[in-house]
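# A closer look at the structure
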Amino acid sequence: MSDTNESISIVPISEQYIESFHKCLETVASERKYLGYVNAPSLEDTRENVLAHMQRGTPRYIAVKDDKVVGWCEVLPNQGEGFNHSGKINTMGVSAAFRGQGIGKKLMSATLSAAELCGMERVELLVYASNVNAIDFYEKIGFVCEGTKKKARKLDGEYDDVHVMAIFLNPEVPIA
Ligand SMILES: CC(C)(COP(=O)(O)OP(=O)(O)OC[C@H]1O[C@@H](n2cnc3c(N)ncnc32)[C@H](O)[C@@H]1OP(=O)(O)O)[C@@H](O)C(=O)NCCC(=O)NCCS
């Protein structure tokens, strides 16, 4: 898979890109396969959420091409005493036309570096067992599967298992 898309920038999300980020989110959600929801939150809810997280310094990077958002990755910190060293990739996605060009890898790298700077040591995520491309992608980054929730999703009459995956950002802390 080549990494030829030089005209794409990977930047932290900012207010000017919220609408375009929302469109990108909506497009990937409407594929009905990959995310935890099939309809994106409303633009207003998205705006509120993004602005609140920007204030808190939550790592959320976007891929921008010709002033349009074509991908995103975010790590939300886990809450509560005892869990502050960890966070979760709530959602990540790249628009269909831009997949397989190295954008996801760049987004993930920027987001995990920012998460580490925020003090996060462990980052976790959920992925559908049917999403073999994403599992392949996460394994290449260094995520490992920690367990599986059986038949955790039932959508359009089809069951899907959900894998729990995680990565430790400090290589001196082995995952097992
Ligand atoms: C999963 C996803 C974020 C990966 O982003 P991407 O930009 O397509 O991935 P990249 O091009 O950066 O690929 C990085 C590596 O992952 C692997 N990979 C990515 N897409 C793949 C595919 N379609 N098939 C096989 N491997 C794939 C590649 O082997 C690549 O490794 P390489 O650099 O050694 O070639 C993207 O495909 C996507 O948005 N998918 C739909 C939404 C989704 O599944 N989100 C995650 C929900 S948990």
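These notes cover the structure that comes with them. All figures in this text were calculated on a predicted structure; none of them were measured in a lab. (Residues numbered from 1 in each chain as written. Predicted model: local features only at pLDDT ≥ 70, side-chain atom pairs only at ≥ 80, totals over all residues. Heavy atoms only, no water.)

### Regarding the layout of surface pockets
Its boundaries defined by the atoms lining it, the largest pocket holds a volume of some 1,200 Å³. As for the largest pocket, its lining consists of 40 residues, of which Met-92, Asn-133, Ala-134, Phe-137 and Tyr-138 are closest to the centre. Put simply, the second largest pocket is a space of about 150 Å³. Sorting the residues of the lining of the second largest pocket by element identifies α1 (18-29), α2 (43-56), β3 (68-77) and β4 (86-94) as the ones contributing at least two each. Among the elements that take part in the lining of the second largest pocket, α2 stands out by supplying three residues, more than any other. Looking at the lining of the second largest pocket residue by residue, the classes come out as five nonpolar, four polar and three charged. (1 Å grid on protein atoms, 1.4 Å probe; cavity = no way out; pocket = protein on both sides within 12 Å on 5 of 7 lines; lining within 4 Å. Points joined across faces, edges and corners; volume = space filled by probe spheres on them. Helix = DSSP H or I, 4+ residues; strand = E, 2+ residues; numbered from the N terminus. Nonpolar A, V, L, I, M, F, W, Y, C, P; charged D, E, K, R; others polar.)

### Structural notes on the site of the ligand
Taken together, 22 residues are adjacent to the ligand, and Val-94, Gly-102, Gly-104, Asn-131 and Lys-140 come closest. Lys-140 places a polar side-chain atom, nitrogen or oxygen, 2.5 Å from an oxygen atom of the ligand. Spatially, the ligand is embedded in the largest pocket. Every element with two or more residues in the shell around the ligand is listed here: β4, α3 (103-117), β5 (122-128) and α4 (132-141). Considering every element that reaches the shell around the ligand, the biggest residue donor is α4, with six residues. Residues that form the shell around the ligand fall into these classes: eleven nonpolar, seven polar and four charged. (Near = heavy atom within 4 Å. Polar contact = N/O pair within 3.5 Å; in protein donor to acceptor, adjacent residues only side chain to side chain. Sits in = over half its atoms within 2 Å of the grid points.)

### Some points on the pattern of salt bridges
In total, this model carries eight salt bridges according to the counting rule given. The partner of Glu-44 in a salt bridge is Arg-47, and the shortest N-O contact between them spans 3.5 Å. Within this pair, Glu-44 and its partner Arg-47 are both found in helix α2, separated by three residues, close to a single helical turn. A relative accessible area of 24% means that Arg-47 is categorised as partly exposed. Between Glu-146 and Arg-122 there is a salt bridge; the shortest N-O distance is 2.9 Å. Remark: Arg-122 occurs in strand β5 and Glu-146 occurs in strand β6 (residues 144-155); sequence separation between them is 24 residues. With a relative accessible area of 40%, Glu-146 lands in the partly exposed category. Members of the salt-bridge network, linked through shared partners, are Arg-122, Glu-124 and Glu-146. (Salt bridge = Lys/Arg side-chain N within 4 Å of Asp/Glu carboxyl O. Buried < 20%, exposed > 50% of the residue type's maximum accessible area, 1.4 Å probe, protein only.)

Purely geometric numbers; function is a separate question.
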